[in-house]
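Residue-level listing of the chains:
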Amino acid sequence: MEINIPKHKKLILFDGVCNLCNSSVLYVIKRDKKQRFMFAPIQSKVGEQIIQKFNIDTTQVDSIILYHPEKGVHYKSTAALKIASRLGFPTNVLAIFLIVPNFIRNWVYDYIAKNRFKWYGKKEACMIPTPELKNKFLE
């Protein structure tokens, strides 16, 4: 099972029907000046491949996964903070929270993830990227 992304890129898997997740993807795209990230919905074929390859329990992780071809996966708060660390000032300052123990960060992350549909809503289908953004997305 080959996941084809360039070695210098990282893939962000996101919940394609989540309004908060889609807004977060657009936030990253706007600030990803060095073009480090590509994107795919968790519900996509590549999302399913990564979930199977790394045996990820989607009942526990269902909103964000950061995949790097050589380093594997990060998820939840670690994924979000590692993404933020690559986005430039002032967003990259959030990476300081990586010093907070994982269980505390993930408690906050899980609380937001659990309420994301109630607070931000949900789409009927995954976001379809505009033609200008299509090259940043895997299907």
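Residues numbered from 1 in each chain as written. Predicted model: local features only at pLDDT ≥ 70, side-chain atom pairs only at ≥ 80, totals over all residues. Heavy atoms only, no water.

**A few points about the side chain of S44**
Argument step 1. Along the chain, S44 falls in the loop between β2 (37-41) and α2 (45-53).
Argument step 2. On the basis of relative accessible area, S44 is assigned to the buried category, the value being 9%.
Argument step 3. Within the local environment of S44, its side chain forms a polar contact with the backbone nitrogen of G47, the two atoms lying 3.1 Å apart. (Helix = DSSP H or I, 4+ residues; strand = E, 2+ residues; numbered from the N terminus. Buried < 20%, exposed > 50% of the residue type's maximum accessible area, 1.4 Å probe, protein only. Polar contact = N/O pair within 3.5 Å; in protein donor to acceptor, adjacent residues only side chain to side chain.)

**Here's the deal with the pairing of strand β1 (residues 10-14)**
Argument step 1. Here β1 lies mainly inside the structure; five of its five residues are buried.
Argument step 2. Burial along β1 is two-sided: the face carrying K10, I12 and F14 and the face carrying L11 and L13 are both buried.
Argument step 3. Here β1 pairs with β2 via five bridges, running parallel. Bridging across to β2, F14 finds its partner in P41.
Argument step 4. What joins β1 to β2 is helix α1 (residues 19-31), and the crossover it makes is right-handed.
Argument step 5. Where β1 meets strand β3 (residues 64-68), four bridges bridge the pair, whose relative direction is antiparallel. Residue F14 lies in a different strand from β3, and its bridge partner there is I64. (Pairing = 2+ DSSP bridges. Right-handed = clockwise from strand over helix to strand, strands pointing away.)

Honestly, that's just the spatial picture; any functional story needs more than this.
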